[in-house]
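Residues per chain are reported as follows:
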Amino acid sequence: MKDFTVSDLRLMIGQQIGLRTLVPRALQLVSNEPLLEADFYPGDLLCALLHVDKAYWSDSSVELGQLVLIARSVMPRGDRIADECQSFLTEA
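Residues numbered from 1 in each chain as written. Predicted model: local features only at pLDDT ≥ 70, side-chain atom pairs only at ≥ 80, totals over all residues. Heavy atoms only, no water.

Some points on the overall build of the protein chain
Each helix and strand in the protein chain was counted, giving six helices and zero strands. Along the protein chain, helices (α) and strands (β) appear in the sequence α-α-α-α-α-α when read from the amino end. Seen along its three principal axes, the alpha-carbon backbone of the protein chain occupies a region of about 35 × 30 × 20 Å. Counting only residues that meet the buried cut, the protein chain has 39% of its 92 residues in that class. Residue pairs in contact within the protein chain that sit at least 24 positions apart in sequence constitute 52% of those at least 6 positions apart. If you sum the accessible surface of the protein chain, you get close to 5200 Å²; carbon and sulfur atoms cover 52% of it. Looking at the protein chain, you have 8 positive and 13 negative side-chain charges, and the mean spots of the two groups are 3 Å apart. (Helix = DSSP H or I, 4+ residues; strand = E, 2+ residues; numbered from the N terminus. Buried < 20%, exposed > 50% of the residue type's maximum accessible area, 1.4 Å probe, protein only. Contact = heavy atoms within 4.5 Å. Areas by Shrake-Rupley, 256 points an atom, 1.4 Å probe, with all protein chains shown as cover. Lys, Arg positive; Asp, Glu negative; His and termini not counted. Charge placed at Lys NZ, Arg CZ, Asp CG, Glu CD.)

In structure tokens form, the structure reads like this:
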């Protein structure tokens, strides 16, 4: 895992693989830089986190709280990633 790139994290999280290990690492990265770009657009790693299955978050309330704070911080941007954050916050 130490050799995982941001792109690797985005890909694996997007496929819902290794979430217990990868989500904390990804949250650390997006906490420092919410719009970190892995492959496609600014914030695509955050977007992958926003689409993690709800079952994961039900067992990870502290991490969910972190993600909610990050999503709220991105909301004022008013762009695509802000729309994704709004959808997540509505469902969270």
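Following the structure, the description resumes.
Quick word on the nonpolar core
In terms of nonpolar packing, the biggest core is built from 28 residues, with Ile13, Val23, Leu45, Leu46, Leu49, Leu50 and Leu67 touching the most fellow members. Looking at this core, the element that brings in the most residues is helix 2 (residues 19–32), giving seven residues. Excluding its chain neighbours within four sequence positions, the residues that come into contact with leucine 45 are Val6, Leu9, Arg10, Ile13, Ala26, Leu29, Val30 and Leu36. (Core = buried A, V, L, I, M, F, W, Y, C linked by side-chain atoms within 4.5 Å.)

Some words on the pattern of salt bridges
Per the counting criterion, the structure on display carries four salt bridges. Between aspartate 59 and arginine 20 there is a salt bridge, with its nearest N and O atoms 3.6 Å apart. With aspartate 59 in the loop between helix 4 (54–58) and helix 5 (61–74) and arginine 20 in helix 2, the pair connects residues that are 39 residues apart, well separated along the chain. Between glutamate 91 and lysine 54 there is a salt bridge; the shortest N-O distance is 3.9 Å. Of the two residues, glutamate 91 is situated in helix 6 (residues 80–91) and lysine 54 in helix 4; the sequence distance between them amounts to 37 residues. Per residue, the accessibility class of glutamate 91 equals that of lysine 54, and both read exposed. (Salt bridge = Lys/Arg side-chain N within 4 Å of Asp/Glu carboxyl O.)

Overview of the side chain of glutamate 63
On the secondary structure map, glutamate 63 appears in helix 5. Buried within the structure, glutamate 63 lacks any salt-bridge partner; its nearest side chain of opposite charge belongs to arginine 20, at an N-O separation of 5.1 Å.

Examining the layout of surface pockets
Over the atoms rolls a probe the size of a water molecule, and its path tells where empty space is left. Quantified by volume, the largest pocket comes out at close to 210 Å³. As for the largest pocket, its lining consists of Leu50, His51, Val52, Lys54, Trp57, Leu64, Glu84, Ser87, Phe88, Glu91 and Ala92. Sorting the residues of the lining of the largest pocket by element identifies helix 4 and helix 6 as the ones contributing at least two each. For the lining of the largest pocket, the element with the most residues is helix 6, which contributes four residues. Class assignment for the residues of the lining of the largest pocket results in six nonpolar, two polar and three charged. (1 Å grid on protein atoms, 1.4 Å probe; cavity = no way out; pocket = protein on both sides within 12 Å on 5 of 7 lines; lining within 4 Å. Points joined across faces, edges and corners; volume = space filled by probe spheres on them. Nonpolar A, V, L, I, M, F, W, Y, C, P; charged D, E, K, R; others polar.)

Read these as layout, nothing more, since geometry by itself doesn't imply function.
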